[in-house]
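So you can see what is in the structure, the chains are spelled out below.
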Amino acid sequence: MSPFFALLLVPMPAMGAFLLLGLGPAEFNRRAIQTIALAGATLPAVVMLPLGAYCLMGTCDGIQPIFDLEVGPAVVALALKLDPLSALVGVTVTIIGACVIGYSIDYMAKSEIADLRRYFALMNLFLASMLCMVLAGDSIIFFLGWELMGLCSFFLIAYHVTSARAIAAGRKAFVITRVADAFLLAALLLLFLEAGSVRLDDLIPAGIATDDVRRGLIAALLLAGAMGKSAQLPFHTWLPSAMAGPTPVSALLHSATMVAAGAYLLARLAPLMETVPLVMAVTATVGAATALFGATAAVFQLDVKRLLAYSSISQIGFMLLAIGLGQPEVAIAHFVVHAIFKSLLFLSAGDITQIARGTTDIAAMRGALRARPVAYLAFVAGAASLAGIPFVTGGWFSKEAILASAWLAGPFGIVLWGVALSAAVLTGAYAFRPVLVGLIPVKGARMTFGGVFTNLPILLLAAGTFAIAPLVTPMVEFLDATVPHPPLAVELVGAVAPFVGLALAFAMTFMPRISRRVAQARRMRSGIRIDGVYQIVFVQPFVALVRWLTGQRGSIADPVGTLPVMGAQWLVGAIVRPLAHDPLDRAWAGFASATVRAWGVARHVQSGRVRDYALAIAVGVALLLLLGWGTTWR
Amino acid sequence: MALTALIVLPLFGGIAALLVARLGRNAERWFSIAVLAVALIALIVAWTGGPPPDAPGAQWLALVRYQYAPALGLQFLLAMDGLSGALVAVSIVLGIISVVISWNIRKQSGLFHACILWTVAASNGVFLAMDLLFFAFFWELMLVPSFLLISIWGHGDREAVALKFLVFNAVAGLGLLAAVFYMAATAPEITFDAFVFAEMGIPPLAQVWLLLGFSMAFLTKLPAPPFHAWLPDAHTMAPTAGSILLAGLLLKTGAYGLFRFPGMLFPDGFHVLAPYGLALGAFGTIYGAVLACGQTDAKRLVAYTSIAHMSIVLMGLSGGVHFAMMGAGVEMIAHAFSASALFLLIGALYDRVGTRDLRQLGGLQQTAPRFAAAFAVFFSAALAMPGTANFLGEALVITGMFQVNWFLAAIALVSLVVSVVYATGLLKRIIFGVPSKACVTQDLTWSELAPVIVLATGTLLFGMLPQLLLVVLEPAVDAALAPLVRP
């Protein structure tokens, strides 16, 4: 039996946990729900880790067929695939998933039992679908995972079902990502038509072999799909709103794994993308622009979760930048590092803010060092990695590799390098702002520690941010690439960037004049108000159209259906109304009255006088004779 | 023989149900279930009986031919291929489900169950008859029980709505009837045998007119805008069982007709009219979806989504390419499951709270989690989530559209996006939010849950293991497309 058979087992436990909790008819108590959820979340890691190890040791290219479909001429072969890319990302996702779901046991402990059940069911479904996507060997399984993630994201953002804001955020996220999904579906179907197969290994060469226009279109559609899921400019607006979901949801879906799936998609299909230089340039530009934009917007946030959301947007921008520069391996290394430190940041911030009366305002971080030291120190570790403190954190190594790729990519690359460097400086600024706020002492704060389910994942991830640092270069080499190295001076500039950011953060936190200015910068905080533009360009016209078509504006409801009916009614009326008096009937009536009148005339004949009769007889006989004579004519 | 039973059994079973209803409480219900169960067995017998020796094509699984009135050229000619077999199976299952979920109907219960059985009988007749006079007969017969279902057990302004339904479909049926008689009259010797019509080589111009006549009936039943005005009203005012049969069966007869006959009888006419079918489908899918977004009545909303989805089917059928036709076939079955299930759930909700007004509903998640989970499953189907049969259907249609015209593919993709808007809107109003005044306290009972599980299993099974469905449809699609390939 091939060892790749084990691939099938990776998403199974999480899927099983979903089926039990989400659709199973049995009742479970709180402990049972937590046990099932934890088992579903940790078993994939247990299966995936040996697979990853196998991948390191042996030959690592394997396909595990699931089954074949025949659709007319095409054979659709569903399969899972293990290669360095899917092994690396798979291991990351399983570990982060297990940590976040484990953390949820304490974090969500106060919810109602039905809500708890729904929450864990959806989290496990999400984990299963993410793993399906990562391990997919064909576009069908890939898209299945991709879409199911979006569905879970919708339900989890709208977890607080009584909050109108959460539901609106969920809908917004779902609609915007669905737009991107439509692009992705189009690209995958076009590739399918080119290749006559859905195997990713067949799609790439078929895509490369096709003509320029079609290949360019496919690459552009793929990029659009990735940008939507990864909340890149201009699709980014759904991600900050998505923070309405519970914090562990934000940690798992909306930062570490699902949102970064766009980068994974592009890395997966990188050989195809690389054949279209224009799309690659656009990818790099979008990435760099989003990195800078996200970092700038994050600097102005007053809410820790929104700050982290903009941070995710920015960091995934870095990944797209690397992909656009032809370094997808570096992007994936950053994916892994980012997944660790960003989930750590969310989890520790969630722990701190949950203690602080549940608000996620940045002020809730005050006194965190005293009040919640474990979580605070873990947050510091995450922030250090996010900012890219040199030599000790994983974040520095992966970000440095991205900056290096930009520097080495020619004149346009140097422009991108400048943009990315300024983003890196701002990253330091926003990353350390909550950290510094945490240092501000608060009177009467008591030191508390979370339970083991809170602390264990946090500590594991905190250790991970440092442990991953020396592994960044091996990871890239594992993916069969080399880490680029720029001149030493350039590298040093990159190393100084986070400290400049730290100084900025210091100024913003402790200098009242500057912090007041930050608090007033509404335009930047709302993400340059692209939301407003969408409202005007898409939402309002759509709502107006719907209102008009449904007759809420004094119009005719359902005009296309109703107008023909009204026309037919008018036509029938126009024919029936004149006929309502029944002309044929009137003709008969007229005949009757004419008969009566004729009778009135005719009765004069019957006068009763003998001379009249004698005259009539005489005339009659004369006429007969005349007729008889007439008939003899020839 | 078994094929005949598929029609005769429910037809006379319906008459018997009128009498059985007097025997005792619920007798007619168990009787109807028994009749339909026997019909299901008959279907299995017919399906597995091996290919008939005298079939005019390899795709036919079973065929029955009696000379009914030889002087008129009238035969009782039934033939079943994969598509009609699948649709007959769906009709029987939906018939059973309709009986199960109507357990608390007390008013004229015998007639009610007779109507259900007659609907199944007539739609089976439509799916199987290949003698076009019988086809037209069943086509019209189908209207009667639905008319009764709406006008006797419906809600609101039910008589007017039932009349609207009847007038629309009866008038549209005239086109079919006229075309059938024209063909019979021009045939070398009088007959209504579709296989003979297929062979006789109708002149191209006549094909266009005849196909227009057929389409008049089929598009109204489908329904495609602008012939759809009867559907939202009929769906909304019908009792739950009526809505299920309308959405699951009646709409499918329109799609079935467009699947079966244009390719078989009017290949030249098809080439002339297909672009209009594509355009109508593309318009309808967006139009239905956009209108669904603005509805405040839950059933009306689902009715408009039916228009959107059946328009996708129309696109698939008009594409004339393998993938699209396949997708249309899959989408027909998938929509029969998902739309019926949504009507079932909304009906169950209405039974509890007495309103379908979305503005007054809400909070199902908290008061009835099972109910909410069921909604969530079919919500995923409505927006074509991968893993549901609906996705398979729509993805295949879109694939086919990429072969026909990229612009149409783009429109179908846009409708996928709009489907998220109305589906999330429905969820937001029904399962999310604070439990309202009209809050539901009782979760789904087992008699409601069992049909939901059956329908969900169908949706997910064919979504996850599509081969089960594709194998069945493939020969039918190939046969339908074969005459369309221009030499």
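Residue positions within a chain follow its written sequence, with the count starting from 1. The order in which chains are written sets their letters, starting at A; the order in which ligands are written sets their numbers, starting at 1. For a predicted model such as this one, the threshold for reporting local features is a pLDDT of at least 70, and the threshold for listing and counting side-chain atom pairs is 80 or more; totals across whole chains, interfaces and linings nevertheless cover every residue.

Numbering goes from the N terminus for both helices and strands, where a helix is a DSSP run of H or I of at least four residues and a strand is a run of E of at least two. Secondary structure assignment for chain B yields 20 helices and two strands. Here the radius of gyration uses the C-alpha set of atoms, whereas the globule reference equals 2.2 Å times the residue count to the power 0.38. For 487 residues, the compact-globule estimate of 2.2 N^0.38 gives 23 Å, and chain B sits close to it at 21 Å. Counting only C-alpha atoms and orienting by the principal axes, one finds that chain B spans roughly 70 × 60 × 40 Å. Residues with at least 20 neighbouring C-beta atoms inside 10 Å of their own are called buried, those with 12 or fewer are called exposed, and the rest are partly exposed, where every C-beta is derived from the backbone. Per-residue burial over chain B gives 66% buried out of 487 residues. Taking all contacts inside chain B whose residues are at least 6 apart in sequence as the whole, residues at least 24 apart take part in 80%. In this description, a residue-residue contact is defined by the distance between C-beta atoms placed from the backbone, which must lie within 7 Å.

So, about the overall build of chain A. Helix and strand counts for chain A stand at 28 helices and two strands. Against the 2.2 N^0.38 benchmark of 26 Å for 634 residues, chain A shows a C-alpha radius of gyration of 38 Å, more extended than a compact globule. Dimensions of chain A, computed from C-alpha atoms along their principal axes, come out at roughly 145 × 60 × 60 Å. Expressed as a percentage of the 634 residues in chain A, the buried residues total 55%. When contacts within chain A are restricted to residue pairs at least 6 apart in sequence, long-range pairs at least 24 apart make up 80% of them.

This next bit is on the UniProt feature "domain: NADH:quinone oxidoreductase/Mrp antiporter transmembrane" (unreviewed entry) in chain B. UniProt positions are given in the numbering used here, feature names are shortened, and annotations may be inferred rather than shown by experiment. Taking the numbering used here, the UniProt-annotated feature "domain: NADH:quinone oxidoreductase/Mrp antiporter transmembrane" (unreviewed entry) corresponds to residues 129-415 of chain B. Along residues 129-415 of chain B the backbone is 81% helical and 0% strand, and the end-to-end C-alpha distance reaches 34 Å.

This paragraph deals with the environment of F538 of chain A. Its location among the elements puts F538 of chain A in helix α25 (residues 530-549). When the C-alpha positions of F538 of chain A and A298 of chain A are compared, they lie 26 Å apart, and in sequence the two are 240 residues distant.

With that settled, consider helix α18 (residues 394-407) of chain A. Taking 1.5 Å as the rise per residue, α18 of chain A with 14 residues should run 20 Å; its terminal C-alpha atoms sit 20 Å apart, in good agreement. For α18 of chain A, the tally of buried residues reaches 14 of 14 residues, placing the bulk of the element in the interior. Between the first and last residue of a helix there are one fewer steps than residues, each counted as 1.5 Å, and that sum is the expected span.

Next up on the list: the interface of chain B and chain A. In this assembly, 42 residues from chain B lie in contact with 40 residues from chain A. For the side of chain B that touches chain A, the elements supplying multiple residues, two or more each, are α12 (267-293), α14 (322-353), α15 (364-367), α16 (369-382), α17 (389-404), α18 (406-430) and α20 (467-481) of chain B. No other element matches α18 of chain B, which puts eight residues into the side of chain B that touches chain A.

Moving on, we get to helix α28 (residues 610-631) of chain A. The end-to-end C-alpha distance of α28 of chain A is 31 Å, a good match for the 32 Å that 22 residues give at a rise of 1.5 Å each. Here α28 of chain A lies mainly on the outside; zero of its 22 residues are buried.

With that settled, consider the confidence of the model for chain B. Residue-level pLDDT values for chain B average 88, and 99% of them are 70 or greater. What the predictor reports for the complex is a pTM of 0.88 with an ipTM of 0.89. Scored between 0 and 100, pLDDT is the confidence that the predictor attaches to each residue.

Let us now look at the packing of helix α3 (residues 82-101) of chain B against α20 of chain B. Geometry of a packed helix pair, given as the angle between the helix axes and the separation of the axes. All names here are of chain B. Packing of α3 against α20 brings their axes to within 7 Å, and their N-to-C directions diverge by 130°. As summarised for this structure, α3 and α20 are arranged oblique, according to the angle between their axes. Here α3 contributes G82, L83, G85 and A86 to the contact with α20, which in turn contributes V472, L473, P475 and A476. Of the residues belonging to the contact of α3 with α20, the class tally is six nonpolar, two polar and no charged. The convention used is that axes are lines fitted to C-alpha atoms, helices contributing only their stretch in contact, and that angles between N-to-C directions extend from 0 to 180 degrees. Each angle is binned into one of four classes, with values under 35 degrees roughly parallel, values over 145 roughly antiparallel, values of 65 to 115 roughly perpendicular, and all other values oblique. Gly is put with the polar residues, along with every residue not named as nonpolar or charged; the nonpolar set is Ala, Val, Leu, Ile, Met, Phe, Trp, Tyr, Cys and Pro, and the charged set is Asp, Glu, Lys and Arg.

The next point concerns the nonpolar core. Under the definition applied here, buried Ala, Val, Leu, Ile, Met, Phe, Trp, Tyr and Cys residues are grouped into a nonpolar core through C-beta atoms within 7 Å. Counting residues in each nonpolar core, the largest one holds 437 residues, and the members touching the most others are L222, L321 and A420 of chain A. In terms of residue count, the dominant contributor to this core is α14 of chain B (20 residues). Residues contacting L321 of chain A, with those up to four places away along its chain left out, are A284, G287, A288, A291, I402, A406, L416 and A420 of chain A.

Residue and element names in this part refer to chain A. At their nearest, the axes of helix α1 (residues 12-23) and helix α2 (residues 30-57) sit 7 Å apart, and the two run at 160° to each other. Considered as vectors, α1 and α2 are oriented roughly antiparallel to each other. By crossing handedness, the relation of α1 to α2 is classed as left-handed. Facing P13, A14, G16, A17, L20 and L21 of α1, the residues of α2 in contact are I33, I36, A37, A39, G40, A41, L43 and P44. Split into classes, the residues belonging to the contact of α1 with α2 amount to 12 nonpolar, two polar and no charged. Helix crossings fall into two classes, left-handed where the near helix is turned counterclockwise from the far one by less than a right angle and right-handed where it is turned clockwise.

For the rest of this paragraph, the subject is the environment of F407 of chain B. Position of F407 of chain B among the secondary structure elements: in helix α18. The exposed category is assigned to F407 of chain B, around which 10 C-beta atoms lie within 10 Å.

The next thing to look at is the pairing of strand β2 (residues 74-80) of chain B. Residue and element names in this part refer to chain B. For β2, the buried fraction is high: five of the seven residues fall into the buried class. DSSP-based pairing: two strands are paired if at least 2 bridges between them are found. Two elements, strand β1 (residues 62-69) and β2, share seven bridges in a ladder whose sense is antiparallel. Counted as the bridge partner of A62 is M80 from β2. Here β1 hands over to β2 after four residues, with G73 in that stretch at a positive phi of 70°.

A cis amide bond, omega -5°, links L233 of chain A with the succeeding residue P234 of chain A. By the element assignment, P234 of chain A lies in the loop between α8 (212-229) and α9 (238-241). Cis peptide bonds are those with omega within 30 degrees of zero, and the linkage from L222 of chain B to P223 of chain B qualifies with -15°. By the element assignment, P223 of chain B lies in the loop between α9 (204-221) and α10 (230-237).

On the secondary structure map, M80 of chain B appears in strand β2. Taking the C-alpha atoms as reference, M80 of chain B lies 33 Å from L163 of chain B; in sequence the two are 83 residues apart.

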